Amino acid sequence: MFEKHKIIVGWTITLSTVYAIVRYHLFKSVPLYQFYPEIINKGISLGAILLICFSITVGPLSRLFPTKLTSIHKGKRYYGLWGFGLATIHSIVSIIFYKPNYYPRFFIHYSLNTIGEIVLYTGIFSLLLLSIAFIVSFPKIMKVQSINFKRSQFAGYMGLIIAGAHVVPMGIDGWKITHLWPGYLVPITLISFLAVIFTVLLRMWFIFMTSFKKKKS
């Protein structure tokens, strides 16, 4: 059973990284020396947000498709932990290289512009909220009360929403210009944003249906 969870994580990370390589190196002709930190960091960020989204959506999805996803549902903590780990790596790499020569559009000379500040602070705040969910993801070890555990999971959920906001200023200008997409491949920022939107909508639908069934019963 655990092997299935590792396969899902492995494929998510691999495909996210390959997608970044194909989109930027192959179709956009980004020089290979920029693989680190720029391209690999894009792949890591995509893998992180997809795994975090999957850890949240796998519960409702397993109720919709019990015969296919029940076994996968048991690994939701595993997906979340890997997602948080990748998000941490992405944040560390981004902060180290958050300089005008790597991210010129976020700076005016050597000072952050408005977009640069939004990207930086939403990224930091998102990671802090995800950290809360990570710290108490082992309630028996941390001896966390049930209500505090639920609050921490909500903090993680809000961290994911802020992560969705984090990618908007980075890529929104290019989302509608489909003919300029390298290889007509969807921007990584747009994939990340849509994954968050799907997660939010699915969670809202699940909460609504759960409350509706309780009132009906």
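**Some thoughts on the environment of H166**
Here is step 1: Residue placement: H166 occurs in helix α7 (residues 146-175).
Here is step 2: Judged by relative accessible area, H166 falls into the buried class, the value being 13%.
Here is step 3: In the structure, H166 is positioned 117 residues away from I49 in sequence and 11 Å away in space, judged by C-alpha atoms.
Here is step 4: Polar side-chain contacts of H166 include one of 2.8 Å to the backbone oxygen of V119.
Here is step 5: Reaching out from H166, the side chain makes a polar contact with the side chain of T122 at a distance of 3.2 Å.

**Examining a nonpolar patch on the surface**
Here is step 1: A cluster of nonpolar side chains, contributed by I95, Y121, I124, F125 and L128, occupies part of the molecular surface with about 520 Å² of accessible area.
Here is step 2: By residue number, the principal contributor to the nonpolar patch is helix α5 (residues 114-135), which donates 4 residues.
Here is step 3: Secondary-structure assignment places L128 in helix α5.

**Focus: the environment of V186**
Here is step 1: Along the chain, V186 turns up in the loop between α7 and α8 (188-216).
Here is step 2: Of the residues examined, V186 reaches a relative accessible area of 29% and is grouped as partly exposed.
Here is step 3: C-alpha of V186 to C-alpha of W175: the two residues are 11 residues apart in sequence and 8.0 Å apart in space.
Here is step 4: Filtering out sequence-adjacent residues up to four positions away, V186 remains in contact with Y19, R23, W181 and I191.

**Observations concerning the packing of aromatic side chains**
Here is step 1: Under the counting rule described, the total for this entry stands at 10 aromatic pairs.
Here is step 2: Measuring from ring centre to ring centre gives 5.6 Å for Y36 and F97, while their planes differ by 90 degrees; the resulting arrangement is edge-to-face. Of the two residues, Y36 is situated in helix α2 (residues 35-64) and F97 in the loop between α4 (76-96) and β1 (107-108); the sequence distance between them amounts to 61 residues.
Here is step 3: Between W175 and F193, the aromatic rings sit 5.3 Å apart at their centres with planes inclined by 35 degrees, giving tilted as the arrangement. Of this pair, W175 sits in helix α7 while F193 sits in helix α8; the two residues are 18 residues apart in sequence, bridging distant segments of the chain.
Here is step 4: The exposure class of W175 is buried, given its relative accessible area of 12%.

**With respect to the packing of α2 against α4**
Here is step 1: Interhelical geometry of α2 versus α4 gives an angle of 150 degrees and a closest axis separation of 7 Å. The angle between α2 and α4 places the two elements in the roughly antiparallel class. Handedness of the α2/α4 crossing: left-handed. In this structure, α2 contributes P37, N41, I44, S45, G47, A48, L51, I52, F54, S55 and V58 to the contact, and α4 contributes K76, Y79, G80, W82, G83, F84, L86, A87, I89, H90, V93 and S94.
Here is step 2: Its residues assigned to classes, the contact of α2 with α4 comprises 14 nonpolar, 8 polar and 1 charged.

**What to know about the packing of helix α1 (residues 2-27) against α4**
Here is step 1: Two numbers describe how α1 lies on α4: the axes approach to 10 Å, and their chain directions differ by 30 degrees. In this view, α1 runs roughly parallel relative to α4, as classed from their interaxial angle. As α1 packs across α4, the resulting crossing turns out to be right-handed. Across the interface between the two elements, F2, H5, K6, I8, V9 and I13 from α1 touch Y78, Y79, W82 and L86 from α4.
Here is step 2: When its residues are assigned to classes, the contact of α1 with α4 shows 8 nonpolar, 1 polar and 1 charged.

**Focus on the pattern of salt bridges**
Here is step 1: Counted by the stated rule, this structure contains 2 salt bridges.
Here is step 2: With a closest N to O distance of 3.1 Å, E3 and K6 form a salt bridge. Of this pair, E3 and K6 are both found in helix α1, 3 residues apart, which corresponds to roughly one turn of the helix.
Here is step 3: Of the charged contacts, one joins D173 and R105 as a salt bridge, the two residues approaching to 3.9 Å between their closest N and O atoms. On the criterion of sequence distance, the pair formed by D173 in helix α7 and R105 in the loop between α4 and β1 is long-range, its members being 68 residues apart.
Here is step 4: Take D173: its relative accessible area is 57%, and that puts it in the exposed class.

Criteria and cut-off values
Residues numbered from 1 in each chain as written. Predicted model: local features only at pLDDT ≥ 70, side-chain atom pairs only at ≥ 80, totals over all residues. Heavy atoms only, no water. Helix = DSSP H or I, 4+ residues; strand = E, 2+ residues; numbered from the N terminus. Buried < 20%, exposed > 50% of the residue type's maximum accessible area, 1.4 Å probe, protein only. Polar contact = N/O pair within 3.5 Å; in protein donor to acceptor, adjacent residues only side chain to side chain. Patch = residues over 30% accessible without salt bridge, like charges linked within 9 Å, V, L, I, M, F, W, Y side chains within 5 Å. Areas by Shrake-Rupley, 256 points an atom, 1.4 Å probe, with all protein chains shown as cover. Salt bridge = Lys/Arg side-chain N within 4 Å of Asp/Glu carboxyl O. Contact = heavy atoms within 4.5 Å. Phe/Tyr/Trp six-rings, centres within 6.5 Å; stacked < 30°, edge-to-face > 60°. Axes fitted to C-alpha atoms, helices over the stretch in contact; angles between N-to-C directions. Parallel < 35°, antiparallel > 145°, perpendicular 65-115°, else oblique. Left-handed = near helix turned anticlockwise from the far one by under 90°. Nonpolar A, V, L, I, M, F, W, Y, C, P; charged D, E, K, R; others polar.

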